[in-house]
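# Architecture at a glance
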Amino acid sequence: MKKRAAALALCLALALCLTPLTAEAAGSVYITAAGNDILPLDDATMPFWSEGYLYVASSIFTGQVNKALGVAYLPGSVSNPNLCILYAGNRSLMFDLNGNFARDTDGNITFRGAIRRGGEIFVPASLVAEFFHLEYSVTPLSIDTSGESSYGALVWLRQPNFGLSEKDFINAAFSQIAMRYEQYLQEQRPDSSGTENIPQGVHLPAESGKSVYLCLRAGNGAAAQLDALDAYGAQAAFFCSPEFLENQGDLLRRMTATGHAVGLLVDAADPDRTVAEQLEDGNALLAHATMGKTRLASIENGGEHHRREAREAGFSCLEADLDRSDSGLRDGAQAEDLLRQISAQRGDVRIWLGNTAGAAGLRAFLAAAQAENRCLALTETLA
């Protein structure tokens, strides 16, 4: 879809269009909502039209969407990667990508099948809504940014009798929609030509054996970050909160399958569980999702005695050489600044980015850093 490089105005205006939206509006930005929540907006999971039907990403039916709609997503297994299942209670809708059909637990078969696009499986919204007794709507929007109008739509899934019209919901969710759209614009590449904004004149030193270990807090942007890393043959370490471990099994499996490191993110200020207990619980969640465990940990709001507690439990705690969690990595300028900081370091460099790395900034950094065989996954002995 067409990238939008215009900066978001301080006031982002959303206005309802009265004309119906059709499948021909394929180049538009589609914002997805489930119940009360506006979902993160990115190209990988954005709804699209195909043969007159609107398709939504199956992977959205996790976490808050699962709670809001009561529908859960079960990805294909290793033995059957071409099967995607959505279920609620004892009712299931099974999509067979090989046969391009869907079968439900009532014995019905429909040839409105799922579509694989990139690494994501998309399912027809109308079929899902009909089978699970949900309501859904596609409401046209015009989006004004910096004096220019672009067009899109809000795809809204909800339980019946939600109590708000589409127009009233958009008015109520204005700030959420504006925030998601602003985040989306920030994630786009700085220009529309498809080339990276690579910092000029700054390169990693050619010091023999010098490696860079990027460490990120796994969050809403994890899928886009993985796309950027995979595009440059680079690895990183993703430190995951209990919420991420519980709700993002598909992304966790992707991380481990493509050579990235997974660590546990714990909060020493938790009043109910010790650091050791949180680490044990985190590994149980990770094992449930990936059949594997980790010994990497990052401890928030903790001191040396908390790190000692983790070490005594057999974990290796992250000790970063550079902490970029406040300065960010969201554009070419910040990528250039990070490269300068790395160049000033001796030997290998462990970088804590926290949740501040956007896909555009990460791509710019990886392009300039010649990331392949240089940006590596952290190991327990290096943490």
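Everything here concerns the structure above.
This section reports on the structure supplied with the text. (Residues numbered from 1 in each chain as written. Predicted model: local features only at pLDDT ≥ 70, side-chain atom pairs only at ≥ 80, totals over all residues. Heavy atoms only, no water.)

## A word on the pattern of salt bridges
So the rule is basically this: Salt bridges, as used here, are contacts in which a Lys or Arg side-chain nitrogen is within 4 Å of a carboxyl oxygen on Asp or Glu. Under the scheme used here, helices are H or I runs from DSSP no shorter than 4 residues and strands are E runs no shorter than 2 residues, and both carry numbers assigned from the N terminus. We call a residue buried when its accessible area falls under 20% of the maximum for its residue type, exposed when it is over 50%, and partly exposed in between, using a 1.4 Å probe and counting protein chains only.
By the definition in use, this model includes 14 salt bridges. For E300, the salt bridge identified is with R217, shortest N-O distance 2.6 Å. One end of the pair, E300, is in strand β18 (residues 296–300); the other, R217, is in strand β15 (residues 212–217), and 83 residues separate them in sequence. Taking relative accessible area as the criterion, E300 reaches 27% and is therefore assigned partly exposed. Residue class for R217 comes out partly exposed when judged on its relative accessible area of 28%. Linking D321 and R350 is a salt bridge whose minimum nitrogen-to-oxygen distance equals 3.0 Å. Of this pair, D321 sits in the loop between β19 (316–317) and β20 (322–323) while R350 sits in strand β21 (residues 349–354), placing them 29 residues apart in sequence.

## Considerations on the packing of aromatic side chains
Here the distance between the centres and the angle between the planes together describe a pair of aromatic rings. As a reminder of what qualifies: Any two of the Phe, Tyr and Trp rings considered here, Trp counted by its six-membered ring, make a pair once their centres fall within 6.5 Å; the pair's planes then place it as stacked at under 30 degrees, edge-to-face at over 60, or tilted in between. We call a charge positioned above a ring when the Lys NZ or Arg CZ atom is no farther than 6 Å from the ring centre and deviates by at most 35 degrees from the ring normal.
All chains considered together, the criterion is met by 9 aromatic pairs. Each member of the aromatic cluster is reached from another via a ring pair, and the members are F48, Y55 and F122. Above the plane of the ring of F131 lies R91, whose end atom (NZ or CZ) is 4.0 Å from the centre. R295 extends its terminal NZ or CZ atom over the ring of F315, reaching a point 4.9 Å from the ring centre.

## A word on the pairing of strand β8 (residues 91–96)
Heads up, the rule is: Should DSSP find at least two bridges between two strands, the strands are regarded as paired.
Taken together, the 6 bridges between strand β7 (residues 83–88) and β8 define a ladder with antiparallel strand orientation. By the bridge assignment, L86 is partnered in β8 with L93. Hairpin remark: β7 followed by β8, antiparallel, with 2 residues in the connecting loop; positive phi at G89, about 65°. Where β8 lies against strand β9 (residues 101–104), 4 bridges are found, and the strand directions are antiparallel. Along β9, the bridge assignment pairs F95 with A102. From the end of β8 to the start of β9, which pair antiparallel, there are 4 residues, and N100 there has a positive phi angle of about 55°.

## Focus: the packing of helix α7 (residues 249–257) against helix α8 (residues 275–290)
For clarity, the cut-off: Angular values range over 0 to 180 degrees, each being the angle between N-to-C directions of two axes fitted as lines to C-alpha atoms, with helices fitted over their stretch in contact. Convention used here: angles under 35 degrees read as roughly parallel, angles over 145 as roughly antiparallel, angles from 65 to 115 as roughly perpendicular, and any remaining angle as oblique. Only heavy atoms enter the contact rule, under which two residues are in contact if any of them lie within 4.5 Å. Side-chain classes are defined by residue name, with Ala, Val, Leu, Ile, Met, Phe, Trp, Tyr, Cys and Pro counting as nonpolar, Asp, Glu, Lys and Arg as charged, and the others, Gly among them, as polar.
Between α7 and α8, the shortest axis-to-axis distance is 9 Å and the interhelical angle comes to 80°. Here α7 lies roughly perpendicular to α8, going by the angle between them. Along the contact surface, α7 presents G249, L252, R253 and T256, while α8 presents L286, A289 and T290. Taken together, the residues that form the contact of α7 with α8 break down as 3 nonpolar, 3 polar and 1 charged.

## What about the pairing of strand β17 (residues 261–267)?
Convention followed: A clockwise course of the path from the first strand over the helix to the second, judged with the strands pointing away from the viewer, identifies a crossover as right-handed.
When you tally the buried positions in β17, you get 6 out of 7 residues, the bulk of the element. By the bridge criterion, 4 bridges tie strand β16 (residues 237–240) to β17 in an arrangement that is parallel. By the bridge assignment, F238 is partnered in β17 with V262. Running through α8, the crossover from β17 to the neighbouring parallel element β18 is right-handed.

## Details of the nonpolar core
Selection criterion: Definition used in this section: a nonpolar core is a set of buried Ala, Val, Leu, Ile, Met, Phe, Trp, Tyr and Cys residues joined via side-chain atoms within 4.5 Å.
Of all hydrophobic cores here, the largest spans 50 residues; its most connected members are F61, L86, F95 and L154. Every residue in contact with F61, bar those within four places of it in the chain, is listed here: V56, N66, L69, V71, A72, Y73, L86, V128 and L157. One finds V212, L214, A236 and V262 within the second-largest nonpolar core, a separate group that totals 48 residues.

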